[in-house]
Every structure is written in structure tokens, then in C-alpha cells.
Amino acid sequence: MMDKRTEDTLLEVEGLRIEAASQTDVRSVLVDDVSFALKRGEVLGLIGESGAGKSTIGLSSMHYTRPGCAITAGRIIFNGRDIREITETEERSLRGVKIAYVAQSAAASFNPALTIGRQVCEVVVRHKLMSKAAAKARAVDLFRSLDLPNPETFGQRYPHQVSGGQLQRAMAAMAMIAEPELLVFDEPTTALDVTTQVEVLAAFRALVRERGTAALYITHDLAVVAQIADRIMVLRHGKMVEVGSAETILHAPQDDYTKRLVAERNAAVAEYFVATSKGDDTTVLCMDGLVASYRGLPRVIDNVSMELTRGDTLAVVGESGSGKSTLARVIVGLLPRESGKLVFQGKELSAALAQRSREELRRIQMIYQNPDIALNPKQTLLEIIGRPIEFYLGKPKKEIKERVLELLRQIELPESFITRRPPELSGGQKQRVCIARALAAQPDAIICDEVTSALDPLVAEDILKLLRRLQEKYGLAYLFITHDLGTVRRIANKVAIMRKGQVLAYGETADVFSPPYHPYTGLLLSSVPEMRSEWLDEVLYKRQVSVASVVSS
Amino acid sequence: MRLFRQKMPFKALIGLLIVIISISGAMFAPILAPYPEADVLGRAWAAPSAGHWLGLDNLGRDVLSRLLYGARLSIGLSLLITALSFTIGVFTGFSAAVLGKTIDMILSRAVDLLLSMPALIFAMVVLSVLGTDLAVLIVTIAILDATRIFRVSRSLAMNIATLDFVEAARLRGEGLWWILRREILPNALAPLVAEFGLRFCFTFLFISALSFLGLGIQPPNADWGSMVKDYSAMIMLGVPTVFYPAGAIATLTIGINLLVDWLVSTSAAKH
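Undergrad: What exactly am I supposed to notice about the overall build of chain B here?
TA: A count of helices and strands for chain B gives ten helices and two strands. Ordered by position in the sequence, the α and β elements of chain B form the string β-β-α-α-α-α-α-α-α-α-α-α. Taking all 271 residues of chain B together, 48% fall into the buried category. Restricting the contact set of chain B to residue pairs at least 6 apart, pairs at least 24 apart contribute 70%. When the accessible surface of chain B is summed, it comes to about 13100 Å², and 71% of that surface belongs to carbon and sulfur atoms.

In C-alpha cells form, the structure reads like this:
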């Protein structure tokens, strides 16, 4: 006799509570009172910011917790059995076989020394579920349905020989090989470029639908989850905020937090920055035919020309490998240019950092992508923000402290933070400190290298607002390097689109993004996920028609 | 008990106790020692008595006094040499990591050259050519030891130098000294302190080994290594005196290791 529940319910989680023993011996609750049920063939999206407990819940469905954490209450019923009560042997036959996991970074999850095929087949061969030959045939079959190139020979390649998007799909094949009943996707497309994300997402969706596998899809991007999930659960600080069908959550959210998330995501797609012209055309930085490469390798920056005027925000957009971050390194002199001109306020800058004057260095500041490593963890905020003031402006100690306090007010942090060190701050607060450090030098131009991509959407939104406010106040010029078109539209009045070291399109934001645009611009624009569930189908349809011309160019 | 805001486990406490006893023995040797270290007080190999707790040695000197004075030379010298080798090793190691490929290449190959020869044999050659002067001994061992510290600090600094805050300091136009001292050193301190403890042990044993071979500290000055050498022959005749200096070396080495194990594990936990 089967329990009534088990007929269509695959996974049922009740009152789940997961705690971590922190260094101070005080137990902190990571997940608190979370309950949900997953039917066979259903996809449940888990949405939330970092620290919301999404991944912890995903892993707990396999009865796994990260070291130092433990499930302290609740039931996890899989196929009618509480997996908290099964033996270790049973658990081993469950993991990878009945429940499989797709991690965020395939590059970090594959063993670089073994072929992809061997790693994909490992689970079924080790569990003796299949012969090697049968496993190989199944793998080829999966490679084919995941749209991987040359499915017959794909398994013979090593992880470094395939692209990031292909490796991510290979990881899905690894998860699917034992035909699990439940798949856990943990941010599987977050590390990919937008254009690649579309393909991978489409492959995942086809796979899940074709085989009727139930899945937990963990992501922070509402638009991504809209394409694949039947139902969505919104999490915050380890607690459930809202659960409902994808339609309800995306179009009629009830909770305030969900509403804010949805509004932010809508703004990213719809809103265009209205260029507030300062009536000031002073050129701050002028690049003319810049060329650079790393030691005899092909050019990373190839004949790049653009201009930055006072009060401008020039966004440099491109996917990984487009040379956009290298451009920043060339401008600041970390990578000396090979040819071309770099004129800063009417004066040509030396190619190498060492030959530039202190005054030139002061006027161009930089803010980094990852605030966790951009600040020395052993220094206080007074030392971090005060150092540029001391170094460039040579102010006495008392004046430095006053100035640091003033900067803290401007970046909206309490004055008491002056004695804190970076590990005591949150990600968004750290990025604010980076901004303050750049401002402390009283620069004319700030290079922002992916400054919001490591932050949660709502935090990133606040950082962008802060940057805009500071720009209006000081007439700063920003060179904004990003891969996120949503950010570009909201902050930049000018944009340059880069691919393989070259500028494909350059001009006022509205012009570059209005048709007729460069085909690659079109591809980028169409790849930004929208919160309509039919978006992916539309894109895929359009791609079949037009993508060939872009890829071949 | 807490050190560096961490609770100390039992083993580390024992280590700390041993180290404190040894160091205070060395520091207060003139007060604690019942006799001067080089005075002949009676018959050679006299058995322990109320006047001489650990007996007399091969020349009739008080063993306890020599042990206390020996601690001064053995521990003080190791401390001096380790500090010197760390100064050299950390500075060159950090510089190699920060200053780019050419300088890294020159320094690293020079270190490889020194490392390619067994340290003890190399030290013996240098000491027998230049004489067993204390200054020569200190500089020789410090330089030999610095090669190991160079390796450690270079790899530590390599990891730290790739972080953006170091790049931010370079973009600001900071000089080498600032980057080494303010950006890199504070972040490498925990593993370096642990390394200091380990190196101190090795230096200590190294000096003992050299003294045992007659190339280290010269008589009549007492040190634990040469005491082991002088007394070891008598073990055949049932005189246990050799166990006192040998036991002192072993105990202090174990004590320092216990302390260092704990330092390494706490610094590893932080990273």
C-alpha cells in the first residue's frame, strides 16, 4: 500500500531548520521553518539574495549540509521516506542516482585531468547500474539532447578544451545519466555570458520537460527562473517570503519584498537613462587607436577609440574575453599600450604606470568588481579612505579624519564605522567604502570595473543610485565596464560595445540600442532575459532565423 | 587562557608552559644557577647530591648551572638567528613576489643554488674555512635559513599580491616599502608567526648539531648541543648525565612544536 501523498508528490519538506555553529560558538540559523512540496515533473524555482539559504535548502534535499552546518529540525520526505532517517548505504544509493546536483561553476566541479566522458559516466559505472558501453551510449544520447557539438566524440575531450557553456551542459549530462527523479540546479547559468545563458537555459528546459524530471532551480534572477519554473518560492534570510505559481509571483506578487525584487528586475529591462547633459563638453579622457596585448599573444585591445567628457558615463559592454577589463588596465597603465594615444585633459599619458606623475594617478581612480578583495582586511576604514588623502593631498592627521567622516556620510555609512575593518562589513557596504576611497583622491574620472556584478540586485541598485548622485555633485566622468545591459541602460549616456578587442558600436546609449543596430548588439539585447515566461521561446525562434549571420561574422 | 583572541587548547598550554620555563631559566640563569658555568668544583662525574642536584660533568663542573647557562646561549642564539633569517627571507621573498619576473628569477635561482647543497654540510664548510667565530656562525645559519623563509614568504606574497587591494595601492603610486609593510605583511603575519616557531626549533637543533660536531659554540661556554657531545661517551659506563641536556633539547622542541601546531591550525582556520 502506497501512501496517498507519494503518488504524485516526489519531495516534501516540512519545517526544515538548518543551523551553523559559528566561530563564536553561537548557533546561527541559516534556514528556518521552510516547507514545500514538489510534484513529479514539476520545477520549483528558489529565489533570493546571497545568504537567503537557497543553496542550503537545495543541498539539504539530498540530506547534505556544508561542513559545520546541520539539519536540526524538520522532515525531508523523498518518495515517501524521510531521508533523515535512512542509513548511510541507502543515502549513498540515493545521491547522484535518484537525486542529482548541478553546481554553479562547472569549471571548478570537473577534474581537469580526466576526460568529460569518463566523468559523466562515473556515477552509473561506480554504482554498477550500467556497463561502461551502455553508459557511454547514454552519455552520447544526452550530449545530443543538450545540443552539444559532435556528441559522438564530445566525451573524449578534456574540460579545458570546451567552452564554459558547453561544460555547464556537460555537467547537466553528468547529473542526468542515472535518470534521477530530482535534479537540483544551483545557479547553473550565473557564471555564463548572456548569449551563452540563453542556449544553456534552453537545453536545461528541454531536458527537464522531455524526461519529466522534477527539479529545484536555484537562482537570484527572476527572469531566468520565469523561463523554467512552474512554481516559485521567494526566500529571505533563510525564511520563506512567498510561494506561488510562477505567474502569480512574477505578475501579482503579494509580499513587499517580492514586489521590490520584481520592480527592480522590470526596471532593468524597461528603463532608459535620460541623459542629463551638463552643458560641459570638456574632454577628460580621449583614447585614439589603442592597441595592447599580453606578451606576444594576439591583440586583446585592437584599435580602440573613444572619448569621455566631464559628467559623462561611458559604458563599455561586452562578454567575457571581449577585452573590456583589459581596456581598463591599459588606461591606468598596468598593461602598457603598444600604440595609440591616450590623452588625459589635454596631456598625453605615459604608457606605463611607473612613469606617470602622482597628480596624474590621483585624477584617475578605479573601483573593482569584487569588494571583498579590493580592500585590505587588516586596515580600518580610516586607514583605507584616509590613505589617498594623506598620499596625494598631504593633509595633517586631524584634517584627514574629518574628511574621512565626511566621505562616510556621503556614502551613507554611519560615522562609527571609521574604526571598523572590511570583514565586519557587508558586500554592499564594502563597495561603498571602495567608492569613498576613490572619491578621497578627488579624481576627475573613475573607472568602474563591473562594480555591481558581485552584489545582490537590490544592493546593486543602491550602489548605482549613489554613483549617479555623486556624479551630479562632483561632475565626475565614469568609464563603466559591465556585461549587464540592464545596468548600462540605467546609468550610461554613452555606450561602446566590444567584442574580441574591437569596438563594434559606439555612441549615445539611445542611438546604439535603437534599430538599426549592429547585429551583435541585437544579439546581446535579445539575450537579456525578460520576466515573461514565453520570452525564451521567442528568442529561440528569432535566433534560428538570424543568429547564423552574427556567429559567422 | 586566550592568545590572539583564541581559546587555547590543553596541548598548546603545555607547550606554552615549557617555553616559558625554558626562557625564564635562560633569562635568570645568573640568579638561579648555584655555581658559575666554567668553575671546576670537584671530582669528574660525581653523582647527584644535595650540593649538586644533577651531579658534576667530565671536568667536574656543576651540570645544573651549565644547563641554565647553556639555555641562554642555545635559546638566545636561536632567537637571534631566526629573527635575522626572517628579516632577510621575508623581505627578499616579498620583493620577489611583487617586483616582477626578472627580479623574482634572479632571487629564486640564487636561493635554489643555496638550497641545492645540504645545509649542515654547507655550514660545516663555511665554518671550517672562516673559523668558528660566533658572528660567522650567526650569519651563516641565518642566511641558510633565510632560503627556506624566502620560499614560504614568496608564495604567501604571490597569493596576496594578486588581490585587488594590492593593485589599488600600486595604482595609487605607493612605493615598494609601503606595499610590503602595509598591504602584504599584515595579511601574511599569521602563517609567518607559525613558521617562526617551526624555524626556531630547527635553528635550535641545527646549532646543537654543529656544537656536537665541534663547529658551533666553543668551550668553555656551555650550550646544550656541546654538552650532549661532551657527556655522550659516558653513557657506556652508566653515567646518565647526558640525558639532562638531551632531555632539555627534546622537551623544548616538543614544547615549541605544540605551540606552533596550535598557531598553524588557528591561522589555517582564519584563511
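Undergrad: Explanation requested: the interface of chain B and chain A in the structure shown.
TA: Frequently, the measure chosen for interface size is the accessible area removed from exposure when the parts meet. On the chain A side, the residues contacting the 17 residues of chain B number 23 residues. Carbon and sulfur atoms make up 54% of the surface buried where chain B meets chain A, a total of about 1800 Å² over both sides. Contact with chain A buries surface across chain B, with Asp-164, Leu-171 and Arg-172 of chain B losing the most and accounting together for 36% of the total. Linking chain B with chain A are three salt bridges. Here Arg-182 of chain B makes a salt bridge to Glu-383 of chain A, at a shortest N to O gap of 3.0 Å. Sorting the residues of the side of chain B that touches chain A by element identifies α7 (164–172) and α8 (176–212) of chain B as the ones contributing at least two each. With seven residues, α7 of chain B is the single largest residue contributor to the side of chain B that touches chain A. Residues belonging to the side of chain B that touches chain A are distributed by class as follows: seven nonpolar, two polar and eight charged.

Undergrad: Honestly, the pairing of strand β17 (residues 445–449) of chain A in this entry has me stumped. Any pointers?
TA: Two faces belong to every sheet, and in a regular strand the side chains alternate between them. Residues and elements named next belong to chain A. Of all five residues in β17, five are buried, a share of seventy percent or more. With four bridges joining them, strand β16 (residues 364–367) and β17 adopt parallel strand pairing. Within the sheet, the bridge partner assigned to Gln-365 lies in β17 and is Ile-446. Of the strand pairs in this sheet, β17 and strand β18 (residues 477–482) are connected by five bridges, and their pairing is parallel. What sits directly across from Cys-448, in β18, is Phe-480.

Undergrad: Help me understand the packing of helix α16 (residues 397–410) of chain A against helix α17 (residues 427–440) of chain A in this model?
TA: Packed helix pairs are specified by the crossing angle of their axes together with the interaxial distance, meaning the distance between the axes. Residues and elements named next belong to chain A. Across the interface, α16 lies against α17 with an axial gap of 10 Å and an inter-helix angle of 130°. Considering the angle they form, α16 stands oblique to α17. At the point where α16 passes α17, the crossing takes the right-handed sense. Contacts between α16 and α17 involve Arg-403, Leu-407 and Gln-410 from the first element and Ala-436, Leu-439 and Ala-440 from the second. Its residues placed into classes, the contact of α16 with α17 shows four nonpolar, one polar and one charged.

Undergrad: Would you mind going over the pattern of salt bridges with me for this structure?
TA: Where charged atoms of side chains with opposite charge meet at close range, the side chains can pair. All names here are of chain A. A full pass over the atoms with the stated rule returns 44 salt bridges over all chains. Ionic pairing is found between Lys-239 and Asp-32, a salt bridge with its closest N-O pair at 3.8 Å. Of the two residues, Lys-239 is situated in strand β10 (residues 239–245) and Asp-32 in strand β2 (residues 27–39); the sequence distance between them amounts to 207 residues. On the basis of relative accessibility, which here comes to 46%, the residue Lys-239 falls in the partly exposed class. A salt bridge links Glu-181 to Arg-40; the nearest nitrogen and oxygen atoms lie 2.9 Å apart. Pair noted here: Glu-181 is in the loop between α7 (164–176) and β7 (182–186) and Arg-40 is in the loop between β2 and β3 (43–47), with a separation of 141 residues, a long-range link. Residues joined by salt bridges that share partners form a network here, namely Arg-17, Glu-19, Asp-32 and Lys-239.

Undergrad: Honestly, the sheet that holds strand β9 (residues 231–236) of chain A in this entry has me stumped. Any pointers?
TA: One key point about sheets: their strands pair by backbone hydrogen bonds, in either a parallel or an antiparallel sense. All names here are of chain A. A sheet is described by the order of its strands in space; here six strands give the open sequence β6-β7-β8-β3-β9-β10, paired in mixed fashion. Strand pairing shows two members of the sheet lacking a second neighbour, β6 (99–102) and β10, which therefore form its edges. Averaged over all adjacent pairs, the angle separating strand axes in this sheet is 15°, with direction ignored. Relative to β9, β3 is paired through four bridges, and the arrangement is parallel. Bridge pairing in β9 places Leu-46 opposite Met-233.

Undergrad: What exactly am I supposed to notice about α8 of chain B here?
TA: An α-helix turns once per 3.6 residues; consequently, residues spaced three or four apart project the same way. Residue and element names in this part refer to chain B. The end-to-end C-alpha distance of α8, which contains 37 residues, comes to just 43 Å, noticeably less than the 54 Å that a straight helix rising 1.5 Å per residue would cover. The largest bend along α8 reaches roughly 60° and is located at Leu-185, with the proline Pro-186 sitting one to four residues downstream. The first or second residue beyond α8 is Gly-214, which carries a positive phi of 90°.

Undergrad: How should I be thinking about the packing of aromatic side chains in this particular structure?
TA: Each aromatic ring pair is specified by the distance between its two centres and by the angle formed by the two planes. Tallying each qualifying case throughout the model produces six aromatic pairs over all chains. Here Phe-391 of chain A and Tyr-392 of chain A contribute two aromatic rings whose centre-to-centre distance is 5.2 Å and whose plane-to-plane angle is 75°, an arrangement assigned as edge-to-face. We note that Phe-391 of chain A, like Tyr-392 of chain A, is buried. Relative to Trp-177 of chain B, the ring of Phe-91 of chain B lies with its centre 6.3 Å away and its plane at 50°, an arrangement referred to as tilted. Remark: Trp-177 of chain B occurs in helix α8 and Phe-91 of chain B occurs in helix α3 (residues 63–98); sequence separation between them is 86 residues. Grouped by ring-pair contacts, the aromatic residues Phe-185, Phe-204 and Tyr-217 of chain A constitute a single cluster.

Undergrad: I tried to follow unusual backbone geometry on my own but got confused; where do I start?
TA: Trans peptide bonds make up most of the peptide bonds, and negative phi angles are found at most residues other than glycine. All names here are of chain A. Even without a glycine there, the phi angle at Asn-79 is positive, about 55°. Mapped onto the fold, Asn-79 is located in the loop between β4 (69–78) and β5 (81–82). Asn-79 sits in the partly exposed class, given a relative accessible area of 29%. A positive phi is found at Gln-345, a non-glycine position, where the angle reads about 50°. Within the secondary structure, Gln-345 sits in the loop between β14 (339–344) and β15 (347–348).

Undergrad: I would appreciate a short explanation of helix α18 (residues 457–474) of chain A in the present structure.
TA: Residues and elements named next belong to chain A. Taking 1.5 Å of rise per residue, 18 residues should cover 26 Å, and α18 covers 26 Å from first to last C-alpha, within 8% of that figure. By the burial criterion, the buried members of α18 are Pro-457, Leu-458, Ala-460, Glu-461, Ile-463, Leu-464, Leu-466, Leu-467, Leu-470 and Gln-471. Downstream of α18 by a residue or two, Gly-475 has a phi angle that is positive, lying close to 65°.

Undergrad: Where do I start with the side chain of Glu-450 of chain A in this structure?
TA: Within the secondary structure, Glu-450 of chain A is located in the loop between β17 and α18. In this structure Glu-450 of chain A comes out as buried when scored by relative accessible area, which is 9%.

Undergrad: What exactly am I supposed to notice about a nonpolar patch on the surface here?
TA: Residues and elements named next belong to chain B. A cluster of nonpolar side chains, namely Leu-120, Ile-121, Val-125, Val-129, Leu-130, Phe-212 and Leu-213, defines an oily patch on the protein surface of about 660 Å² accessible area. In this structure, Leu-130 sits in helix α5 (residues 119–130). Judged by relative accessible area, which is 57%, Leu-130 ranks as exposed.

The rules behind each value
Residues numbered from 1 in each chain as written. Chains lettered and ligands numbered in written order. Predicted model: local features only at pLDDT ≥ 70, side-chain atom pairs only at ≥ 80, totals over all residues. Heavy atoms only, no water. Helix = DSSP H or I, 4+ residues; strand = E, 2+ residues; numbered from the N terminus. Buried < 20%, exposed > 50% of the residue type's maximum accessible area, 1.4 Å probe, protein only. Contact = heavy atoms within 4.5 Å. Areas by Shrake-Rupley, 256 points an atom, 1.4 Å probe, with all protein chains shown as cover. Buried area = accessible area lost by both parts, 1.4 Å probe. Salt bridge = Lys/Arg side-chain N within 4 Å of Asp/Glu carboxyl O. Nonpolar A, V, L, I, M, F, W, Y, C, P; charged D, E, K, R; others polar. Pairing = 2+ DSSP bridges. Axes fitted to C-alpha atoms, helices over the stretch in contact; angles between N-to-C directions. Parallel < 35°, antiparallel > 145°, perpendicular 65-115°, else oblique. Left-handed = near helix turned anticlockwise from the far one by under 90°. Expected span 1.5 Å × (residues − 1). Bend = angle between axes of the 7 residues up to and from the residue. Phe/Tyr/Trp six-rings, centres within 6.5 Å; stacked < 30°, edge-to-face > 60°. Patch = residues over 30% accessible without salt bridge, like charges linked within 9 Å, V, L, I, M, F, W, Y side chains within 5 Å.

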